[in-house]
Amino acid sequence: MENRPTVAVITGASSGIGEGTAWRLARKPDTRLILVARREDRLRELAKRLACETTWVAADLTEPDAPGRILAHAQEHHPPVNLLVNNAGAAWRATFADGGYENVRRTMEINFDAVLRLTETFLPMLRESAPSSIVNIASTAGRVSRPGSAAYSASKYALIGWSDGLHLEEAPNGVHVGLVLPGFIKTEGFPADELTGKLATRWMVSDVFKASEAVYETAILGKAERYVPRPYALIAMLKILAPSLVRKILSGGAGKAMTTSTGADAAEKKAKSEV
Ligand SMILES: NC(=O)c1ccc[n+]([C@@H]2O[C@H](COP(=O)([O-])OP(=O)(O)OC[C@H]3O[C@@H](n4cnc5c(N)ncnc54)[C@H](OP(=O)(O)O)[C@@H]3O)[C@@H](O)[C@H]2O)c1
């Protein structure tokens with residue numbers, strides 16, 4: 001896709017990896033972007049600053065009419081979309097005993113169900129505009145589960161399993177399906193303060209620039225799977241080769257240190273403090 005015009009939908013473009021991806025794609029010649037998130041003011045400001053033709057749709061992706069509204073917008077304002085970046089996501093930290101099924105449900109709703117619903121809506125267009133790409137932003141938490149983030153891990157394990165099958169199903173139709181698996185990336189939503197605050201764990205946290213480059217490689221250069229940073233692939237391998245060792249490490253201090261608060265947590269704390 002490197003030498004072809006790109007018309008991309010990026011979800012979760014109002015901050016973090018989604019915003020970084022918009023900046024990265026805008027540097028590619030012949031690119032048009034459709035930004036999606038709930039915070040319209042952020043999308044409007046970003047669209048003004050990007051050096052490519054950019055429009056936006058303010059939408060909560062968990063709402064039933066969101067995929068249809070985004071498709072209608074794309075059909076009205078742009079040539080056929082040939083890249084869908086499913087990036088929007090959230091996490092609410094809680095043990096299962098505390099958060100219960102409701103925490104799993106709301107996490108699956110945005111990290112898994114919303115991705116499938118949007119992909120289903122855009123798939124006919126992506127097939128027509130092939131060669132085209134879908135990039136799903138999963139997580140290394142979709143390979144290794146930690147205490148307090150089992151709901152988040154469940155949603156990302158599901159996303160990875162579904163993406164792997166979809167990759168094989170859509171390859172004959174010219175639709176490339178790629179996965180990006182970030183480790184800890186410092187963003188508004190996933191601040192990783194507990195890790196960046198200590199010298200011993202600071203190295204574990206990467207940045208939006210590297211994550212956006214991984215999305216670019218997957219979307220435009222056709223990579224099937226990309227960890228960010230790359231050494232996080234070793235964690236996934238270790239989980240398969242030495243599962244008891246990984247369990248031992250995570251059940252000790254390391255698992256707790258890595259259970260950092262998330263954007264959804266932060267947003268809720270802010271909302272509560274504003275009440
Ligand atoms: N940062 C990390 O350490 C890390 C690690 C592994 C995986 N990831 C994954 O990377 C993706 C991006 O996360 P990030 O780190 O960039 O976090 P972020 O800065 O919090 O960005 C999340 C984005 O998703 C959007 N979003 C959330 N709920 C939405 C909804 N219901 N409808 C529409 N948009 C929604 C948010 O926009 P609005 O609030 O404006 O709607 C925001 O733009 C997520 O899928 C996350 O799971 C992140």
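Remember, predicted model here, so these are calculated numbers, not experimental data.

Undergrad: Explain the environment of Thr218 here, please?
TA: You can see Thr218 is positioned in helix α8 (residues 208-219). The residues contacting Thr218, other than those within four sequence positions of it, are Val135, Gly178, Val180, Lys223 and Arg226.

Undergrad: How do you make sense of the packing of helix α4 (residues 96-128) against helix α5 (residues 150-170) when you look at a structure like this?
TA: Packed helices, taken two at a time, are described by the angle between their axes plus the distance between the axes. Their axes nearest at 8 Å, the elements α4 and α5 cross at an angle of 30°. When the axes of α4 and α5 are compared, the pair comes out roughly parallel. Where α4 crosses over α5, the handedness of that crossing is right-handed. For the pair formed by α4 and α5, the contact residues are Phe96, Gly99, Asn103, Val104, Thr107, Met108, Asn111, Phe112, Val115 and Leu116 on the first element and Ala150, Ala151, Tyr152, Ala154, Ser155, Lys156, Ala158, Leu159 and Trp162 on the second. For the contact of α4 with α5, the residue count by class is 13 nonpolar, five polar and one charged.

Undergrad: What exactly am I supposed to notice about the site of the ligand here?
TA: Looking at the ligand, there are 29 residues lining it, with Gly12, Gly16, Arg38, Gly89 and Gly189 nearest. In terms of residue count, the dominant contributor to the shell around the ligand is helix α1 (residues 16-26) (three residues). Classifying every residue of the shell around the ligand by side-chain character gives 11 nonpolar, 13 polar and five charged.

Undergrad: Quick question: what am I supposed to make of unusual backbone geometry here?
TA: Excluding glycine, a negative phi dihedral is what most residues carry, and trans is how most peptide bonds are arranged. Following Ala130, the chain continues to Pro131 via a peptide bond in cis, the omega torsion being 5°. Tracing the chain through its elements places Pro131 in the loop between α4 and β5 (132-137). Located in the positive-phi region is Asp30, a residue other than glycine, with phi close to 60°. Here Asp30 shows up in the loop between α1 and β2 (31-37). Not every positive phi belongs to a glycine, and Ala192 is a case in point at roughly 55°. Looking at where Ala192 falls in the secondary structure, it is placed in the loop between β7 (184-185) and α6 (193-196).

Undergrad: Can you walk me through α1 in this structure?
TA: An α-helical turn contains 3.6 residues, so a residue and the one three or four places further along point in the same direction. α1 sits mainly inside the fold: nine of its 11 residues count as buried. When α1 is considered as a whole, its buried residues turn out to be Gly16, Ile17, Gly18, Glu19, Gly20, Thr21, Ala22, Arg24 and Leu25.

Undergrad: Is there a simple way to explain the pairing of β2 in this structure?
TA: Strand residues, when the strand is regular, have side chains that alternate between the two faces of the sheet. Summarising burial for β2: six of the seven residues are buried, a large majority. Inspection of the sheet shows strand β1 (residues 6-11) paired to β2 by six bridges, in the parallel sense. Considered in β2, the bridge of Val7 is made with Arg32. Following the chain from β1 across α1 to the adjacent parallel β2, one finds a crossover that is right-handed. Here β2 runs beside strand β3 (residues 53-58); their pairing, made up of six bridges, is parallel. Counted as the bridge partner of Ile34 is Thr55 from β3. The parallel pair β2 and β3, bridged by helix α2 (residues 40-49), forms a crossover whose chirality is right-handed.

Undergrad: What is the right way to look at the packing of α1 against α8 in this model?
TA: Close contact between α1 and α8 brings their axes to 8 Å; oriented N to C, the two are set at 60°. It follows from the interaxial angle that α1 and α8 lie oblique. Between α1 and α8 the crossing geometry is right-handed. Within the contact between the two elements, α1 uses Gly16, Ile17, Gly20, Thr21, Trp23, Arg24 and Leu25 and α8 uses Val208, Phe209, Ala211, Ser212, Glu213, Val215 and Tyr216. In terms of residue class, the contact of α1 with α8 is made up of eight nonpolar, four polar and two charged.

Undergrad: Just to check I follow, could you spell out the environment of Glu170 for this structure?
TA: Among the structural elements, Glu170 can be located in helix α5. Counting along the chain gives 41 residues from Glu170 to Ala211, while the straight-line C-alpha distance between them is 24 Å. Look past the residues within four positions of Glu170 in its chain and what remains in contact with it is Val175 and Val177.

Calculation rules
- The numbers attached to residues start from 1 for each chain and follow its sequence in the written order.
- Totals for whole chains, interfaces and linings use all residues, but because this is a predicted model, local features are given only for residues with pLDDT of at least 70 and pairs of side-chain atoms are given and counted only at 80 or more.
- Elements are defined by DSSP. Helices are runs of H or I of four residues or more, strands are runs of E of two residues or more, and each kind is numbered from the N terminus.
- We call two residues in contact when the distance between their C-beta atoms, placed using the backbone, is within 7 Å.
- Angles run from 0 to 180 degrees between N-to-C directions of axes, and those axes are lines fitted to C-alpha atoms, restricted for helices to the stretch in contact.
- Roughly parallel here means an angle under 35 degrees, roughly antiparallel means over 145, roughly perpendicular means 65 to 115, and every remaining angle is called oblique.
- In this scheme, a crossing is called left-handed if the near helix is turned counterclockwise away from the far one by less than a right angle; it is called right-handed if the turn is clockwise.
- All amino acids are sorted into three groups, where Ala, Val, Leu, Ile, Met, Phe, Trp, Tyr, Cys and Pro are nonpolar, Asp, Glu, Lys and Arg are charged, and the leftover types, Gly among them, are polar.
- For each residue, a C-beta atom is positioned from the backbone; the residue is called near a molecule or strand if that atom sits within 6 Å of it.
- A residue is called partly exposed when the number of other C-beta atoms within 10 Å of its own lies between 12 and 20, exposed at 12 or fewer, and buried at 20 or more, with C-beta atoms placed from the backbone.
- The pairing criterion for strands is at least two bridges between them, as found by DSSP.
- Handedness is read with the strands pointing away from the viewer; a crossover is right-handed when the path from the first strand over the helix to the second is clockwise.

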